[in-house]
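Single-letter residue listing:
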4 protein chains.
Amino acid sequence: MSKSTPARAGRPRDENVHRAILDAARDLIREEGYIALSIEAVAARAGVAKQSIYRRWSSKGSLLVDLYMDGLEAPGALASHNFKDDLLAVMLQTTKRVQDIAFANILKSLVIEAQSDAEMRKLVQLRIVEPRREAMRRVIENGKQSGELPGGLDTEMILDFVFGAVWFNLLLGEGRLTNKFAHRVVKAIELMAAREHDAR
Amino acid sequence: MSKSTPARAGRPRDENVHRAILDAARDLIREEGYIALSIEAVAARAGVAKQSIYRRWSSKGSLLVDLYMDGLEAPGALASHNFKDDLLAVMLQTTKRVQDIAFANILKSLVIEAQSDAEMRKLVQLRIVEPRREAMRRVIENGKQSGELPGGLDTEMILDFVFGAVWFNLLLGEGRLTNKFAHRVVKAIELMAAREHDAR
Amino acid sequence: MSKSTPARAGRPRDENVHRAILDAARDLIREEGYIALSIEAVAARAGVAKQSIYRRWSSKGSLLVDLYMDGLEAPGALASHNFKDDLLAVMLQTTKRVQDIAFANILKSLVIEAQSDAEMRKLVQLRIVEPRREAMRRVIENGKQSGELPGGLDTEMILDFVFGAVWFNLLLGEGRLTNKFAHRVVKAIELMAAREHDAR
Amino acid sequence: MSKSTPARAGRPRDENVHRAILDAARDLIREEGYIALSIEAVAARAGVAKQSIYRRWSSKGSLLVDLYMDGLEAPGALASHNFKDDLLAVMLQTTKRVQDIAFANILKSLVIEAQSDAEMRKLVQLRIVEPRREAMRRVIENGKQSGELPGGLDTEMILDFVFGAVWFNLLLGEGRLTNKFAHRVVKAIELMAAREHDAR
DNA sequence: CCGTAAACGAGACGGTACGTCCTGTCTTCTA
DNA sequence: TAGAAGACAGGACGTACCGTCTCGTTTACGG
């Protein structure tokens, strides 16, 4: 991998500052949630100038996106045994992440930010929502191909159902996003749509 | 429900003030969305003192709840022909209401308010979410009873799916909550879960 | 004297807040001079919201004008014995006031503010400079009338000389604005311009 | 004065940078006055790094001093005909310089800087104020010697009067520092203090 | 002709203050 | 007591400069 940054003029951004901001923001949002996440508070907690935050992120929302990404391992390839197991795997990836209250709060906050900023909504879609949907989409398409799911299924609608249930419980539920929830989702989908499948 | 307050002493609340506040709030949230809906702005627009708002509503959220209720006709009894038609009817009630951008914005705002106020979340659940779910719940139970839906179905999960899809599209979608969306939902549920049914 | 304020609507300005601001400002400017006199610092010291300052004064300069006026007794009528004594009296009024370092610093600050604000310059002229000049102007005109001063004298120029010397020493001198300075001024004017005068 | 720096190691200061800074500063202060004269703005306008300014001048004030000196021709020897003409000559030197709004603004700015920096006040005295006073002082002493002025005159006080009038009008007047002003000063002094003098 | 050392443009950095907006509470006068 | 009006303490906003710092690059001079 070659030098990607073409050596911009001037003093380079300090990586420690970057880290300090993300850490402070995560701590704050974990402890107090969205309301506590003022730029002022983040700066104070990180021991950093407000300007150093604005220099990196144009809005609270884009900071939140990076905060969500930070430390997020790659989605992980599917074991691809069968539809049901794959579906469960993707669901558990999601619920597991949200188990950490910091990430749950980040997601809630992203939705808030998206409400008054169309740009933000697109960004959330692109960086947060769509990657998860894409993983799930592959699972469903595989299921259709193998005959485990009926071919005529409206894939995008199923995605809306499943992720809708997740977001809905996150935003308006009572913290029910446990692993058990993932299992319930899988069972419900299975009962509704899955067909017996002869693997050979 | 009769007048519960036994004619307290002093000047009675002015009904016109009540109306002016709701109207101003609706106008503001229709035109500019959540950000513009400051108590200050509502008061100014309504030509009313801030105190007159705080006197009636303890928070922006509870004002929003009343604002959502305001002018909302009763759910309307089900025609109850069959599962599919009933489902569509309930869905269309929902999508139709959201067609008015003011109501869409109110719902979005309620979600925002709910994020930093547990009390609020309960109120939204009780007054906004649950009534819709209850209507839909009856539809599903009917379907189970008539054999149109498999008896083992996790009803609450189905509700999560359907309303999750609605909220998800409202909050993070691109204004796709058209009547066509309602039809897609119905068709997807039908394809997945509905069984052929001999109505007699 | 009748009610001068026509009972404006709303909560009246709190006189204590007014006082607290002026006191805080005077303390700050006495202790640290112009640089320390930020609106933020005044508000903090007065235990007052910044807005409460901005509500009363549109700029730091206009606050300073009021601060100079605050507690300033009326100029005091001239004893009017003769030119020399009257001149000395007016000079001593000026130097005495400036003896308090707070007032000296206020005057310096007013000059600073006036440099980047034409409106401010006019205000300083009108409220601070001109009243003093007017008192001195009368002294000089009296002197001309009584024959103690030559009639052809350019009064305004003399005023420029005398007050110029005061301001010059205030701004660029080394704190030499003692009573002795007042005496030197009087003696110099006397030696230059005053004529022997037969008081009867 | 010979080259005092013994050819230090490293890259020598760039004379063009020096010029660019002074030019940019003069342009800015001419066009917008003191407020616009931020180090940041000067650097940007000169196309120069902020550090290159701080390397040469320890404060905005010392830059302003150099800026005032820059392009200032030597005071010019007195023709020394008589007191009145000499006085007028010195006065006109002063008013002429101030005619250029850039220089007027520089002087105003120097006074501002001097208010919060005792070091600066001394520097202004030494480099700007005193040289002018010295020229004028010689004029007055000549006048005393030749008998055109009464010998008992407080020379320093006269200097305070004359230069005080100049500074006062510069800082708080309305741009009245015309040549006419110089003539008025001379006439006033003449009328007050000058005695008929037989030049032989 | 090569290494050392300062100058230079660029821009990051911790700070401080700015003037504005809104919050929820309060205090006045009028109805 | 309600209501219009608006003051109040407080907190955050996003911006502008301060004076210092750290980069990569350039330009002299002395070994």
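Here, every reference points to the structure presented above.
Because the structure is a prediction, the values reported are computed rather than measured.

Conventions adopted
Once a new chain begins, its residue numbering starts again from 1 and follows that chain's sequence as written. Key to labels: chains lettered from A, ligands numbered from 1, both in the order written. With pLDDT at 70 or above as the cut-off, local features in this predicted model cover only qualifying residues; side-chain atom pairs require 80 or more to be listed or tallied, and sums for whole chains, interfaces and linings still use all residues. To get the side-chain values, all heavy atoms of the structure are used, and hydrogens and water are removed first. Put simply, DSSP marks the helices as runs of H or I at least four residues long and the strands as runs of E at least two long, and each gets a number from the N terminus on. We call a residue buried when its accessible area falls under 20% of the maximum for its residue type, exposed when it is over 50%, and partly exposed in between, using a 1.4 Å probe and counting protein chains only. Residues are labelled near a given molecule or strand when at least one of their non-hydrogen atoms is within 4 Å of it. Between N or O atoms, a polar contact is any pair within 3.5 Å; within protein, one atom must be a potential hydrogen donor and the other a potential acceptor, and residues adjacent in sequence are included only when both atoms are from side chains. In this classification, Asp, Glu, Lys and Arg are treated as charged, Ala, Val, Leu, Ile, Met, Phe, Trp, Tyr, Cys and Pro as nonpolar, and every other residue, Gly included, as polar. When checking whether two residues touch, look at their non-hydrogen atoms; a contact exists if any pair is within 4.5 Å. When two parts are brought into contact, each loses some accessible area as probed by a 1.4 Å sphere; the total of that loss over both is the buried area. Salt bridge, as used here, is a side-chain nitrogen of Lys or Arg placed within 4 Å of a carboxyl oxygen of Asp or Glu. Superposition of the copies was done by least squares, using only C-alpha atoms of residues whose pLDDT is at least 70 in both. Each pair of aromatic rings taken from Phe, Tyr and Trp, with Trp reduced to its six-membered ring, is defined by centres within 6.5 Å and is described as stacked if the planes are under 30 degrees apart, edge-to-face if over 60, and tilted in the remaining cases. For a ring to carry a charge above it, either NZ of a lysine or CZ of an arginine must fall within 6 Å of the ring centroid while also lying within 35 degrees of the normal to the ring plane.

A. Region of interest: the environment of Ala89(D). Mapping Ala89(D) onto the fold places it in helix 5 (residues 83–99). For the pair Ala89(D) and Arg127(D), spaced 38 residues apart in sequence, the C-alpha separation works out to 20 Å.

B. Region of the structure containing helix 4 (residues 60–69) of chain B. Residue and element names in this part refer to chain B. Among the 10 residues in helix 4, seven count as buried, and that is most of the element. Along helix 4, the residues classified as buried are Gly 61, Ser 62, Leu 63, Leu 64, Val 65, Leu 67 and Tyr 68. The positive-phi residue at the C-terminal boundary of helix 4 is Gly 71, with phi of around 80 degrees.

C. Up close: the protein's contact with DNA strand F. Taken together, 45 residues sit near DNA strand F, with Tyr54(A), Arg11(B), Asp14(B), Arg56(B) and Arg56(C) positioned nearest. Within 4 Å of the protein, the contacting atoms of DNA strand F are drawn from sugar and phosphate to the extent of 61%. One nitrogen or oxygen atom from the main chain of Asp14(B) is found 2.4 Å from a phosphate oxygen belonging to DNA strand F. Contributing elements (two or more residues each) for the surface near DNA strand F: helix 2 (39–46) and helix 3 (50–56) of chain A, helix 3 (50–56) of chain B, helix 3 (50–56) of chain C together with helix 2 (39–46) and helix 3 (50–56) of chain D. For the surface near DNA strand F, the residue count by class is 16 nonpolar, 11 polar and 18 charged.

D. View of the interface of chain B and chain A. Contact residues are listed per partner, giving 39 residues for chain B and 38 residues for chain A. When the two sides are added together, the surface that chain B and chain A hide from each other amounts to roughly 3600 Å², 70% of it contributed by carbon and sulfur. Counting the surface chain B buries against chain A, the share from its top three residues, Phe161(B), Leu172(B) and Met192(B), is 22%. Here chain B is connected to chain A by two salt bridges. A salt bridge links Arg184(A) to Asp154(B); the shortest N-O distance between them is 3.0 Å. Where the side of chain B that touches chain A is concerned, the elements lending two or more residues are helix 6 (101–115), helix 7 (118–146), helix 8 (155–172) and helix 9 (179–193) of chain B.

E. Main features of the interface of chain C and chain D. The interface is formed by 38 residues belonging to chain C together with 38 residues belonging to chain D. Both faces combined, the contact of chain C with chain D buries some 3600 Å², and carbon together with sulfur accounts for 70% of it. Linking chain C with chain D are two salt bridges, by the criterion used here. Elements with a contribution of two residues or more to the side of chain C that touches chain D: helix 6 (101–115), helix 7 (118–146), helix 8 (155–172) and helix 9 (179–193) of chain C. In terms of residue count, helix 8 of chain C provides more of the side of chain C that touches chain D than any other element does, 13 residues in total. Class assignment for the residues of the side of chain C that touches chain D results in 23 nonpolar, seven polar and eight charged.

F. Examining the relation of the copies chain C and chain D more closely. When chain C is fitted to chain D, the residual RMSD is 0.2 Å, and the transformation amounts to a turn of 180 degrees plus an axial shift of 0.0 Å. In short, the pair behaves as if placed about a two-fold rotation axis. A shared binding surface is used by both copies, with 100% of the interface residues of chain C retained as interface residues in chain D.

G. Fine view of the packing of aromatic side chains. Throughout the structure, instances matching the rule amount to six aromatic pairs over all chains. Ring centres of Tyr68(A) and Phe103(A) lie 5.8 Å apart, and the angle between their planes is 90 degrees; this geometry places the pair in the edge-to-face category. Here Phe103(A) lies in helix 6 (residues 101–115) and Tyr68(A) lies in helix 4 (residues 60–69), a separation of 35 residues in the sequence. On the basis of relative accessible area, Tyr68(A) is assigned to the buried category, the value being 9%. We note Arg97(C) situated over the ring of Tyr68(C); from NZ or CZ to the ring centre the distance is 4.8 Å.

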